[in-house]
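Given next are the chains, with one letter for each unit.
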Amino acid sequence: MNHPKPKEWDAKLLSQRMIADYKPFNFVDGEGVRNSLYVSGCLFACEGCFNKAVQNFNYGTPYTEELEAKIMADLSHSYVQGLTLLGGEPFLNTPVVLPLVKKVRETFGDTKDIWSWSGYTFEELLQETPDKLELLSQIDVLVDGRFELAQKDLNLQFRGSRNQRIVDVPQSLKLKQAVIWSKCKDADQSYEQIKRSELGG
């Protein structure tokens, strides 16, 4: 696993504007019905990463105006709560995601929320480059921190290891410290434990 120094990784140089996947109308990448954009490229190289192929900045297909138009059209449905940015590492793909989130804000204001997963912690992002800080300022909820295999926990909501947090970004920026999302609710049992108990295991 890599731990960058502040401003060490320059998204403008690293991003190849490639997309690993786009999944509209899903229920797993945050609260409510969401449209999820998976960008390509990540340097954190977390052990046990479930999306290892997407660490390559050249993986997938180019981001296009046609895809952006589709994302915007999909977001326009009243039942869609918002946009989710994943990867890969969204904060190393600001040339793609920053113009997109600005367009979402210009079009929908605060009627759609924006979530992002990141290997960076909230505190690390506060020390980062202007483009990353601008992206952070546009986000409502950040699931932050590297995935740590030793802290893997299947009971956690929207995250894989206990060190990761679900951060309320507007409140955190206001107070200049991480504030946990008020709706965060972890399970008492994992799905696997529930299935075992149902089977009498």
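Residues numbered from 1 in each chain as written. Predicted model: local features only at pLDDT ≥ 70, side-chain atom pairs only at ≥ 80, totals over all residues. Heavy atoms only, no water.

Enquirer: I'd like a description of the pattern of salt bridges, backed by residues and values.
Expert: Applying the stated criterion across every chain, the model contains 11 salt bridges. Residue Lys 103 is joined to Glu 68 by a salt bridge in which the shortest nitrogen-to-oxygen separation is 3.3 Å. Here Glu 68 lies in helix 2 (residues 65–75) and Lys 103 lies in helix 3 (residues 94–108), a separation of 35 residues in the sequence. Owing to a relative accessible area of 15%, Glu 68 belongs among the buried residues under this scheme. A salt bridge links Asp 74 to Lys 70; the shortest N-O distance between them is 3.3 Å. Of this pair, Asp 74 and Lys 70 are both found in helix 2, four residues apart, which corresponds to roughly one turn of the helix. We classify Lys 70 as partly exposed; its relative accessible area is 39%. (Salt bridge = Lys/Arg side-chain N within 4 Å of Asp/Glu carboxyl O. Helix = DSSP H or I, 4+ residues; strand = E, 2+ residues; numbered from the N terminus. Buried < 20%, exposed > 50% of the residue type's maximum accessible area, 1.4 Å probe, protein only.)

Enquirer: If you had to explain the nonpolar core to someone new, which residues and values would you point to?
Expert: Of all hydrophobic cores here, the largest spans 38 residues; its most connected members are Leu 37 and Ile 71. Those elements that place two or more of their residues in this core are strand 1 (18–26), strand 2 (33–39), helix 2, strand 4 (80–86), helix 3, helix 4 (122–125) and helix 5 (130–138). No other element matches helix 3, which puts seven residues into this core. Ranked by size, the runner-up nonpolar core spans eight residues in total, among them Tyr 38, Leu 86, Trp 115 and Trp 117. (Core = buried A, V, L, I, M, F, W, Y, C linked by side-chain atoms within 4.5 Å.)

Enquirer: An account of the sheet that holds strand 7 (residues 165–168) is requested, with residue identities and associated values reported.
Expert: Here seven strands make up an open sheet; going across it, the order is 3-1-2-4-5-6-7 and the pairing mixed. The outermost strands of the open sheet, each flanked by one partner alone, are strand 3 (61–62) and strand 7. Both strand 5 (residues 113–117) and strand 6 (residues 141–144) contribute to a ladder of three bridges, which runs parallel. In the strand pairing of strand 6, Ser 116 is matched with Leu 142. Sheet strands touched by helix 2: strand 1, strand 2 and strand 4. Its angle to strand 1, the strand with the most contacts, is close to 20°. Of the strands in this sheet, strand 1, strand 2, strand 4 and strand 5 are in contact with helix 3, which crosses strand 4 at around 165°. (Pairing = 2+ DSSP bridges. Contact = heavy atoms within 4.5 Å. Axes fitted to C-alpha atoms, helices over the stretch in contact; angles between N-to-C directions.)

Enquirer: Could you give me a rundown of the pairing of strand 2, with the residues and numbers involved?
Expert: Along strand 2, seven of the seven residues are buried, which leaves the element largely enclosed by surrounding structure. In strand 2, alternate side chains face the same way, and those of Val 33, Asn 35, Leu 37 and Val 39 on one face and Arg 34, Ser 36 and Tyr 38 on the other are all buried. For strand 1 and strand 2, the ladder comprises five bridges, and the chain directions are antiparallel. Paired with Asp 21 across the bridge in strand 2 is Tyr 38. In textbook terms, the turn of a hairpin is the stretch between consecutive antiparallel strands, and for strand 1 and strand 2 this stretch comprises six residues, one of which, Gly 30, has a positive phi near 120°. Where strand 2 lies against strand 4, six bridges are found, and the strand directions are parallel. Directly across from Tyr 38, in strand 4, lies its bridge partner Leu 86.

Enquirer: So what's going on with the packing of aromatic side chains? Residues and values would help.
Expert: What the rule picks out here adds up to six aromatic pairs. Seen from their ring centres, Trp 9 and Tyr 120 are 6.3 Å apart, and the 65° between their planes marks the pair as edge-to-face. A residue pair is termed long-range when its members are at least 10 positions apart, and Trp 9 in the segment before helix 1 (11–14) and Tyr 120 in the loop between strand 5 and helix 4 qualify at 111 residues. The two residues Trp 9 and Tyr 120 agree in class, both being buried. Ring centres 5.9 Å apart and planes at 50° place the aromatic pair Phe 25 and Tyr 79 in the tilted group. Here Phe 25, found in strand 1, pairs with Tyr 79, found in the loop between helix 2 and strand 4; they are 54 residues apart in sequence, far enough to count as distant. Through successive ring pairs, a cluster of aromatic residues spans Trp 9, Phe 44 and Tyr 120. If you follow Lys 112 out to its NZ or CZ, it ends over the ring of Phe 108, 5.9 Å from the centre. (Phe/Tyr/Trp six-rings, centres within 6.5 Å; stacked < 30°, edge-to-face > 60°. Lys NZ or Arg CZ within 6 Å of the ring centre and 35° of its normal.)

Enquirer: Please provide a residue-by-residue account of the state of the cysteines, values included.
Expert: Scanning the model with the defined rule gives zero disulfides in all. Cys 49 takes part in no disulfide bond, and the closest cysteine sulfur to it belongs to Cys 46, at a distance of 6.5 Å. Residue classification places Cys 49 among the partly exposed residues on the basis of a relative accessible area of 28%. (Disulfide = S-S within 2.5 Å.)

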